[in-house]
Amino acid sequence: MASFHHTIIHQFLEKLGVHVRKLRNSPSGTSRWLYNDLLAQHSREHPGEAFTIFDIGANVGQTAYRFRHSFREARIFSFEPFPETFRQMQKNIGNLSGLRLENLGVGAEEGEIMVTLADESNPTSEINNLLAVHTGESGREAIPIKMTSVDAYCAKHGICRVNLLKSDTEGYEMAVFEGAKSMLSSRSIDAILVEVKPPQAVGDTSTAHVSQELVSAHLAPYGFEFWGLYDFIYSRATGRMDSANALYKLAGRPAA
């Protein structure tokens with residue numbers, strides 16, 4: 001995902017009529033027109049109710065900022081587990097309307113876990129993740145993280161439908177899906193945007209991103225179909241694609 005400041009610059013240029021890319025040829029996963037079908041159906045089936053977006057792994061607010069720009073009428077729930085990163089997100093987007101910022105990790109269940117920062121020199125680094133469970137062997141400081149799950153959070157706050165669930169958790173996605181079983185099984189999540197390793201990443205053993213094949217196989221039984229890849233990130237050294245955002249929608253939704 002792009003940095004928060006790059007997001008502001010890109011949107012400033014767009015306001016001046018200067019496009020850094022042709023949006024219709026290379027849209028971002030946060031582009032509103034990708035979800036016109038879901039917006040139209042939500043308006044028909046639930047008139048007067050806000051379009052609901054879950055931003056899981058919000059980092060310093062860059063994706064929530066883009067969502068707010070694309071979906072002015074939506075209510076957005078942004079979850080960021082790491083305290084310093086959460087405080088930076090509050091500074092960046094805390095004044096925007098329609099956002100609820102949660103200092104929580106999202107995984108398979110509620111509770112608390114102890115993790116170690118992957119990058120101690122930068123507490124707000126995007127590479128810090130919930131997979132780094134603290135064992136005490138590294139000698140690094142342990143950080144307590146409060147956890148929730150999609151199912152538990154929705155039940156607690158009376159959320160019956162998530163129109164768009166975005167997950168960028170540096171490889172923790174399968175735990176996010178595990179904690180969303182009830183919402184997925186009841187077809188109460190319309191679309192999922194998830195950062196993945198592309199299919200051609202043969203031999204890539206890093207845990208920073210889950211594979212697209214694994215995500216597709218996991219979501220297919222719940223009725224999701226692959227829609228497209230967006231927001232490509234390439235290796236500076238090789239030019240090979242490192243990651244992208246994969247969009248999935250429930251099968252049977254009307255075309256835009």
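Right above here is the structure, for reference.
The residue count restarts for each chain, going from 1 along the sequence in the order it is written. Totals for whole chains, interfaces and linings use all residues, but because this is a predicted model, local features are given only for residues with pLDDT of at least 70 and pairs of side-chain atoms are given and counted only at 80 or more. Heavy atoms throughout the structure, all of them, feed into the side-chain values; hydrogens and water do not.

Details of the overall build of the protein
Counting its secondary structure elements, the protein contains eight helices and 11 strands. A total of 256 residues make up the protein; the buried ones form 48% of that total. Note on areas: Shrake-Rupley with a 1.4 Å probe; residue coverage comes only from the protein chains shown. By element, 52% of the accessible surface of the protein is carried by carbon and sulfur atoms, the whole surface being about 12300 Å². A run of H or I in DSSP counts as a helix once it spans at least four residues, and a run of E counts as a strand once it spans at least two, with each numbered from the N terminus. We call a residue buried when its accessible area falls under 20% of the maximum for its residue type, exposed when it is over 50%, and partly exposed in between, using a 1.4 Å probe and counting protein chains only.

Observations regarding the pairing of strand β8 (residues 189-197)
Among the nine residues in β8, nine count as buried, and that is most of the element. The pairing of strand β7 (residues 162-167) with β8 spans five bridges and is classified as parallel. Residue pairing for β8: Ser-167 is matched across the bridge by Val-194. Whether two strands pair comes down to DSSP finding at least two bridges between them. Pairing of β8 with strand β11 (residues 241-250), which is carried by six bridges, proceeds in the antiparallel orientation.

Details of unusual backbone geometry
You will see that Arg-187, though not glycine, has its phi angle at about 55°, which is positive. Structurally, Arg-187 is set in the loop between α7 (181-185) and β8.

Considerations on the nonpolar core
Judged by nonpolar contacts, the single largest core of 38 residues is most densely connected at Phe-54, Val-150, Ile-189, Ile-192 and Phe-224. For this core, the element with the highest residue contribution is β8, accounting for four residues. Excluding residues that lie within four positions of it along the chain, Val-150 makes contacts with Phe-54, Ile-56, Val-106, Leu-165, Val-176, Gly-179, Ala-180 and Met-183. What makes a nonpolar core is a set of buried Ala, Val, Leu, Ile, Met, Phe, Trp, Tyr and Cys residues whose side-chain atoms join them at distances within 4.5 Å. By size, the runner-up hydrophobic cluster in this structure holds 23 residues, among which are Ala-64, Met-89, Tyr-230 and Leu-247. By definition, residues are in contact when any of their heavy atoms lie within 4.5 Å.

Brief notes about helix α3 (residues 62-70)
The buried fraction of α3 amounts to seven of the nine residues, a majority that puts the element mostly inside the structure. All of the buried residues in α3 are Gln-62, Thr-63, Ala-64, Arg-66, Phe-67, Arg-68 and Ser-70.

Regarding the packing of helix α1 (residues 4-15) against α3
Helix axes are fitted to C-alpha atoms over the stretch in contact, other axes to C-alpha atoms as well, and angles between N-to-C directions run from 0 to 180 degrees. Between α1 and α3, the shortest axis-to-axis distance is 8 Å and the interhelical angle comes to 25°. One finds that α1 runs roughly parallel with respect to α3. Helix-helix and strand crossings are classified by hand; for α1 and α3 the assignment is right-handed. Here Phe-4, Thr-7, Ile-8 and Gln-11 of α1 come into contact with α3, specifically with Gln-62, Tyr-65, Arg-66 and His-69. Ten residues, namely Ala, Val, Leu, Ile, Met, Phe, Trp, Tyr, Cys and Pro, are considered nonpolar, four, namely Asp, Glu, Lys and Arg, are considered charged, and the remaining ones, Gly among them, are considered polar. By residue class, the composition of the contact of α1 with α3 is three nonpolar, four polar and one charged. Orientation labels follow simple angle bins: below 35 degrees gives roughly parallel, above 145 gives roughly antiparallel, 65 to 115 gives roughly perpendicular, and whatever is left gives oblique. Should the near helix be turned anticlockwise from the far one by less than a right angle, the crossing is left-handed, and should it be turned clockwise, the crossing is right-handed.

Remarks on the packing of aromatic side chains
Two aromatic rings are characterised by how far apart their centres lie and by the angle between their planes. Working definition: rings of Phe, Tyr and Trp (its six-membered ring) pair if their centres are within 6.5 Å, and the pair is stacked with planes under 30 degrees apart, edge-to-face with planes over 60 apart, and tilted otherwise. Within the structure shown, the criterion is met by 10 aromatic pairs. Geometrically, the ring pair formed by Phe-67 and Phe-71 is tilted, given 6.1 Å between the ring centres and 55° between the ring planes. Using a relative accessible area of 0% as the deciding quantity, one classes Phe-67 as buried. A ring pair is formed by Phe-232 and Tyr-234, whose centres lie 6.4 Å apart and whose planes are at 45°; its orientation type is tilted. Through a chain of ring-to-ring contacts, the aromatic side chains of Tyr-35, Phe-51, Phe-67 and Phe-71 assemble into a single cluster. Placement of a charge over a ring requires the Lys NZ or Arg CZ to be within 6 Å of the ring centre, with the centre-to-atom vector within 35 degrees of the ring normal. In this structure, Lys-249 packs its charged tip against the face of Trp-227, placed 3.8 Å from the ring centre.

Here's the deal with the sheet that holds strand β4 (residues 105-106)
For sheets, the rule is that strands pair by backbone hydrogen bonds, running either parallel or antiparallel. Taken together, the three strands give an open sheet; going across it, the order is β4-β6-β5, and neighbouring strands pair in mixed fashion. Two strands bound the open sheet, and with one partner strand each, they are β4 and β5 (111-116).

Treat this as a map of the structure, not an account of what it does.
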